[in-house]
Amino acid sequence: MNLHAQPSAVPYYAATGTECALFEAAQNNGLPLLLKGPTGCGKTRFIEHMAARSGRKLYTVACHDDLSAADLIGRYLLRGGETEWVDGPLTRAVREGAICYLDEVVEARKDVTVVLHPLTDNRRTLMIDRTGEELVAPPGFMLVASYNPGYQNVLKRMKPSTRQRFLAITFDFPKPETEIAVVAQESGLDVARVTPLVRLGGHIRNLSGMDLEEGVSTRLLIYAATLIAGGMGVDKALEAAVIEPLSDDEDVQIALRDLVTTVY
Ligand code: ADP
């Protein structure tokens, strides 16, 4: 494997643990991989980085509650009076030996699970009922899925029979040194001004007993830093990029503003 085939095209990713080695082991052994973790902590960027590093094409599907097996596999479409079969992203990835990334897979409709099972065990096959084809995935094909354990409810849980087909790794927000480097790199704001932002992020994530569904994401800290780098005042930037996106509750917003004053 040529890890640095196109160095300039490899999206920046700061590793936070042994995730790169695990990805490579999964890829080399044809095993599917599940990324667990909160939103905006770098899961998608990680996959984009690893796909580019290994020179593989990446098909990303943002799953939603209306996403069906046909959306992944493909369908017949009417073109100029003729019906024509059009592959969906999963079929394309299998045919091409590419990586297919199903983001927030638990959101998808139940029939998706039926498709994933034969692909994620040693059969590595994709059945296309409508065309009668049975594709065997080539060695390059890899299935990666992500989900956010924090959002799970009784109706939307990954069934053990599905999750036990994947290697799995938990993602969390990076350590402060790494997060400072990431936010500075992505926003162009200097490290001296990024440091208090990341400290604020840590305080918000440590808040307990507050009505926050989830701590502030690295993505939101990058938004705040981007606004500040563009000349916006810190207070306004934090209001728009951190406080308002995190909560609609006035008391929670007041508590967040108090936290801001302890850092700035
Ligand atoms: P997720 O898929 O977990 O919701 P993303 O991968 O989209 O999150 O991350 C949000 C943004 O945060 C990315 O676009 C990237 O700018 C940044 N980011 C987060 N973690 C990292 C990291 N470890 N290295 C580089 N960029 C990161």
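Under an unreviewed UniProt entry, the name given to the protein chain is AAA family ATPase, and the organism recorded is Pararhodobacter oceanensis. Looking at the Sequence similarities (unreviewed entry) heading of the UniProt record, one finds this comment for the protein chain: "Belongs to the CbbQ/NirQ/NorQ/GpvN family."

**A short note on the site of the ligand**
Contacts to the ligand come from 16 residues, most closely from A14, G40, T44, R45 and E186. With respect to the ligand, the backbone of C41 contributes an N or O atom lying 3.2 Å from an oxygen atom. At 2.8 Å, a backbone N or O of R45 approaches an oxygen atom of the ligand. Here the ligand has 560 Å² of accessible area as a free molecule, and 90% of this is covered by the chains.

**Focus on the packing of aromatic side chains**
A complete count under the given rule lists 4 aromatic pairs for this structure. Seen in terms of ring centroids, F23 and F46 are 5.8 Å apart; in terms of plane orientation they differ by 85°. Their pairing is edge-to-face. Here F23, found in helix α1 (residues 19-28), pairs with F46, found in helix α2 (residues 43-53); they are 23 residues apart in sequence, far enough to count as distant. Judged by its relative accessible area of 0%, F23 falls in the buried class. The interplanar angle of 70° and the centroid separation of 5.1 Å between the aromatic rings of Y76 and W85 together place this pair among those described as edge-to-face. Taken together through their ring pairs, the aromatic side chains of Y13, F23, F46 and F171 make up a single cluster.

**Quick notes on the sheet that holds strand β9 (residues 167-170)**
Adjacent strands of a sheet form backbone hydrogen bonds with each other and so pair up, either parallel or antiparallel. What the 5 strands build is an open sheet, ordered β2-β5-β8-β1-β9; its pairing is parallel. Single-partner strands in this sheet number two, and they are β2 (58-62) and β9. Taken pair by pair, the neighbouring strands of this sheet meet at an average axis angle of 20°, ignoring direction. Alignment of β2 against strand β5 (residues 99-103), held across 5 bridges, turns out to be parallel. When the bridges of β5 are listed, Y59 appears paired with C100. Strands in contact with α2 are β1 (33-36), β2, β5 and β8 (142-147); relative to β5, the strand with the most contacts, it is inclined by about 175°.

Analysis parameters
- Residue positions are given per chain, counted from 1 along the sequence in the order it is written.
- Local features in this predicted model are restricted to residues whose pLDDT is 70 or higher, and side-chain atom pairs enter the listing and the counts only when it is 80 or higher, whereas totals over whole chains, interfaces and linings include all residues.
- By convention in this description, side-chain values take in all heavy atoms of the structure and omit both hydrogens and water.
- UniProt positions are given in the numbering used here, feature names are shortened, and annotations may be inferred rather than shown by experiment.
- Any residue with a heavy atom positioned within 4 Å of a molecule or strand is treated as near that molecule or strand.
- The term polar contact refers here to a pair of N or O atoms within 3.5 Å; inside protein, the definition further demands a hydrogen-donor-capable atom paired with an acceptor-capable atom, and it admits residues adjacent in sequence only when both atoms are side-chain atoms.
- Computed by Shrake-Rupley with a 1.4 Å probe, the accessible areas treat only the displayed protein chains as cover when residues are assessed.
- Two aromatic rings from Phe, Tyr or Trp, using only the six-membered ring of Trp, form a pair when their centres are within 6.5 Å; if the ring planes differ by under 30 degrees the pair is stacked, by over 60 it is edge-to-face, and anything between is tilted.
- Strands are runs of DSSP state E lasting at least 2 residues, helices are runs of H or I lasting at least 4, and numbering of each runs from the N terminus.
- Any residue under 20% of the maximum accessible area for its type is buried, any over 50% is exposed, and the rest in between are partly exposed; the area is computed with a 1.4 Å probe on protein chains only.
- Paired strands, as defined in this entry, are two strands with at least two bridges between them according to DSSP.
- Throughout, an axis means a line fitted to C-alpha atoms (over the contacting stretch in the case of helices), and angles, computed between N-to-C directions, take values from 0 to 180 degrees.
- Working rule for contacts: check all heavy atoms of both residues, and any pair within 4.5 Å makes them a contact.

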